[in-house]
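Now for the letters of each chain:
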Amino acid sequence: MLDLRLYMAQRISAMVMIPLVLGHIAVMIYAIQGGLSSAEILSRTQGSAFWFLFYGVFVVAVSVHAAIGLRVIVHEWLGLRGIALSLLTWTICLVLFVMGARAVMAVTLL
Amino acid sequence: MIRPSRSHPLWLAFVLHRLSGLALALFLPAHFWLLSLALTQPQRLDHMLSFAESPVVKIAEFGLVFLLSVHIFGGLRLLALEFLPWSNRQKSLAAGAIGISLLLSGLFLLRAI
Amino acid sequence: MGSTDNMRLEVTVRRSDADGGYDQIFKVPAYAHQTVLDVVSWIQQYSDPTLTYRFACRVGMCGSCAMMVNGAPRWTCRTHVNKVLNGDRLHIAPLRNLPVVKDLVVDMDPFFDKWIAAEGLHHPTRTRHDPIVSIDPENPQRGEANAGIECINCSVCYAACDTVAGNSDYLGPAALLRAWTVFNDEKNAGKQDILDAVSGSSGCHNCHSMGSCSHFCPNALNPMTAIAGLKRETAKTIFRRRKDA
């Protein structure tokens, strides 16, 4: 249930995320020592244009990537097809984007 | 009963990629929701983050780091397979992706505890 | 060629007709050298003449005798029993991912229809009146075409593929391998037709590179590589078209 366009969206979003995921893993390994607190997270991210861009692009890419990935799984394992499948893909993409955008704004805006 | 043709290394790599992707996609909404608490209810976020001190949560976090890592390094192998000239070392590369992921998530766990 | 004493194989055969399916157990004499097709033929000749199965050449050329043997798709005429035996047991069933006609015979129509759908056909560049194109065997593109040319249409890869199992519209490894072979053939026109045919919602982009096709191909061909080639060429067309637009 992937045509060329969806395939390219899936692969391009994956390529965009390569440096972002590697950066995210590095930050996790760095930040986890000594436990996490909202003050610690916010002091790193709040008011930073860099982290806003970093996680903003990340959220856009992951919304596309996860929506298409789940679309394939739902089709192959649950047999959903047609308009219902397209609707589900777009809904997942939109919900992830909105929730992700809220999270990015929460931790980066002053 | 016809059983599917399984248990060769690249099929297992496929299953790992699919299940890790599925788990990460299902985890994302919870991740986003928790972080958005910073905007609305910072005390509640701190309360939730204090749970992260329990060993069970640390093991779960280790699992998440492993899943993310194995998904990206497995995905890098697939991107190379599709867009670079063919390499016959696919099984070694798939095993390498798991190795790096164990290393990174192990490093995470060691720093977490 | 005597039976190795009283050794007998316990062979479970998946039987089915219009009324449904059931497993039937046969005791078959074991020989030092026998193929899975020999076992099936023995059952049909000495135990149950109503057993339906398909074969022709018995030497791995015609691609008609493939079945599921102990859960894996195999060409039965060149699969030695000793290599796949589970203790003294053998489970034989019709190929996966295709509709069963009767017993061990599947309807191959969906499989071949997809070859046509993938444009796995010859699209001539010249007429019979033109001179024959000379082919340079050292040309890398010719190498790509040669790599897939020994496909015998046995459908083992199609039965092995979990993507076909989950997505019955997916063209499958054999059709896409043929499309890639024809695409790389200098004597073949209509390259864009092939790329368009494999770019739809049932095309090559559904492949997850799990490699069961290449793992089970009895001729050691590599459909996974061919499909990756099609993905690469179709991806290039996106950028080419954008440039032309």
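Residues numbered from 1 in each chain as written. Chains lettered and ligands numbered in written order. Predicted model: local features only at pLDDT ≥ 70, side-chain atom pairs only at ≥ 80, totals over all residues. Heavy atoms only, no water.

S.K.: Would you mind going over the nonpolar core with me for this structure?
M.R.: Soluble globular proteins: nonpolar side chains tend toward being buried together. Residues V11, V39, I43 and I92 of chain C are the most contacted members of the largest nonpolar core, which totals 73 residues. Two domains each donate at least three residues to this core, and these are domain 1 (9-106) and domain 2 (109-244) of chain C. Discounting residues that sit within four places of it in the chain, V11 of chain C has contacts with Q24, I25, F26, V28, V39, I43, L90 and I92 of chain C. With 33 residues, the next largest nonpolar core counts M17, Y55 and A66 of chain A together with I72 of chain B among its residues. (Core = buried A, V, L, I, M, F, W, Y, C linked by side-chain atoms within 4.5 Å. Buried < 20%, exposed > 50% of the residue type's maximum accessible area, 1.4 Å probe, protein only. Domains from an automatic or database assignment. Contact = heavy atoms within 4.5 Å.)

S.K.: Can you help me understand the sheet that holds strand β4 (residues 72-75) of chain C in this one?
M.R.: Paired through backbone hydrogen bonds, the strands of a sheet run either parallel or antiparallel to each other. All names here are of chain C. The strand order across the open sheet formed by five strands is β2-β1-β5-β3-β4, and the pairing between neighbours is mixed. For this open sheet the edge positions go to β2 (20-29) and β4, each flanked by a neighbour on one side alone. Within the sheet, the average angular offset between the axes of one strand and its neighbour, ignoring direction, is 30°. Judged from the ten bridges that link them, strand β1 (residues 8-17) and β2 form a sheet pairing that is antiparallel. Looking at the pairing, R15 lines up with Y22 of β2. (Pairing = 2+ DSSP bridges. Helix = DSSP H or I, 4+ residues; strand = E, 2+ residues; numbered from the N terminus. Axes fitted to C-alpha atoms, helices over the stretch in contact; angles between N-to-C directions.)

S.K.: Teacher, can you tell me more about the state of the cysteines here?
M.R.: One way to say it: the disulfide is the covalent bond shared by the sulfur atoms of two cysteines. All names here are of chain C. Scanning the entire structure with this criterion turns up zero disulfides over all chains. Take C154: it sits in no disulfide, and the sulfur closest to it among the cysteines is that of C217, at 6.4 Å. Free of any disulfide, C204 has its nearest cysteine sulfur in C207, 8.2 Å distant. (Disulfide = S-S within 2.5 Å.)

S.K.: Looking at this structure, I do not really get the interface of chain A and chain C. What am I missing?
M.R.: Quoted interface sizes are often the accessible area lost when the parts come together. On the chain C side, the residues contacting the eleven residues of chain A number 18 residues. It is M1, L4 and E76 of chain A in chain A that bury the most area against chain C; as a group they hold 44% of the surface buried on that side. Scanning the region where chain A abuts chain C turns up one salt bridge. Linking chain A to chain C there are five residue pairs in polar contact (both at pLDDT 80 or more). (Buried area = accessible area lost by both parts, 1.4 Å probe. Salt bridge = Lys/Arg side-chain N within 4 Å of Asp/Glu carboxyl O. Polar contact = N/O pair within 3.5 Å; in protein donor to acceptor, adjacent residues only side chain to side chain.)

S.K.: Whenever I open this one, the side chain of E233 of chain C confuses me. Can you help?
M.R.: All names here are of chain C. Assignment of secondary structure puts E233 in helix α10 (residues 223-244). When its relative accessible area of 15% is taken as the criterion, E233 is described as buried. A distance of 3.1 Å separates a polar atom in the side chain of E233 from a polar atom in the side chain of K236. The residues touching E233, leaving out its near neighbours within four places in the chain, are W180, F183, L195 and R240.

S.K.: For this particular structure, what's the right way to read the pattern of salt bridges?
M.R.: Close approach of charged atoms lets side chains of opposite charge pair. Inspection of the entire model under this criterion finds 14 salt bridges over all chains. Residue D169 of chain C is joined to R81 of chain A by a salt bridge in which the shortest nitrogen-to-oxygen separation is 3.3 Å. One end of the pair, D169 of chain C, is in the loop between α6 (162-166) and α7 (173-183); the other, R81 of chain A, is in the loop between α3 (49-78) and α4 (82-108), on a second chain. Residue R96 of chain C pairs with D162 of chain C through a salt bridge whose shortest N-O separation is 2.7 Å. Of the two residues, R96 of chain C is situated in the loop between β5 (89-93) and β6 (100-102) and D162 of chain C in helix α6; the sequence distance between them amounts to 66 residues.

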